[in-house]
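The chain contents come next:
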Amino acid sequence: HRAAVQTSHTMVILHATNDLKAARTIARAATIDAHRGASYAIRARAHAVHAEICARAGQTSQAAAALDRAWKTVNQLTVDDPHGGFNADRLNGFDGLCALHAGHADRAHDSLNRSLTTLSKSRDAVQRGIVSTDLALARLRLGDPAACADLLHEAGDAPAQGEGGSGREKKAAVSNSA
């Protein structure tokens, strides 16, 4: 599905170049293409990715609107959606990240913690690492550097335990944004 590829492309552009304008253009195209397809999971992911890009750009009202569309869409998921890997558990992570960028560390903490506790399958390992480091940043912004460090150590240990992810890069990203 083209929209699924575009959402992945958006995140690659974002993290490889930090070009928010280019990422936003691709994210918008992904939401349009997602609505041409039948998968609510792909639609929800496209809206969530668009929300993240808006949040990173400081566009809090656009991020909130995109998150609202993502939540409404994820609530329409069916068990037979072939792309059903994106669900409320993962959307909670995006919700938390957007709250973090909007300066709402307490709300971010709650959403990210909710996401982390539900990402328990082996296929969720990479997502757990991402959410863990975002949650660590929320804990740091809430004034709890010890809890931040503990969570970063757990996230960093996950690759060594065969869980995938890129703990070292995420630790550096959290350190640089603190």
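This section reports on the structure supplied with the text. (Residues numbered from 1 in each chain as written. Predicted model: local features only at pLDDT ≥ 70, side-chain atom pairs only at ≥ 80, totals over all residues. Heavy atoms only, no water.)

A word on the nonpolar core. Counting residues in hydrophobic clusters, the biggest one holds 23 residues, and the most contacted among them are Ala48, Phe86, Leu91 and Phe94. For this core, the elements supplying multiple residues, two or more each, are α1 (2-17), α2 (20-34), α3 (40-56), α4 (60-74) and α5 (88-101). For this core, the leading source of residues is α3, giving 8 residues. Filtering out sequence-adjacent residues up to four positions away, Ala48 remains in contact with Ala70, Phe86, Leu91 and Phe94. By size, the runner-up hydrophobic cluster in this structure holds 14 residues, among which are Leu112, Leu119, Val131 and Leu152. (Core = buried A, V, L, I, M, F, W, Y, C linked by side-chain atoms within 4.5 Å. Buried < 20%, exposed > 50% of the residue type's maximum accessible area, 1.4 Å probe, protein only. Helix = DSSP H or I, 4+ residues; strand = E, 2+ residues; numbered from the N terminus. Contact = heavy atoms within 4.5 Å.)

Time to look at the side chain of Asp81. Along the chain, Asp81 falls in the loop between α4 and α5. Buried charge Asp81 goes without a salt bridge, the closest partner of opposite sign being Arg43 at 8.0 Å. Within the local environment of Asp81, its side chain forms a polar contact with the backbone nitrogen of Tyr40, the two atoms lying 3.0 Å apart. There is a polar contact of 3.1 Å between the side chain of Asp81 and the backbone nitrogen of Ala41. (Lys, Arg positive; Asp, Glu negative; His and termini not counted. Salt bridge = Lys/Arg side-chain N within 4 Å of Asp/Glu carboxyl O. Polar contact = N/O pair within 3.5 Å; in protein donor to acceptor, adjacent residues only side chain to side chain.)

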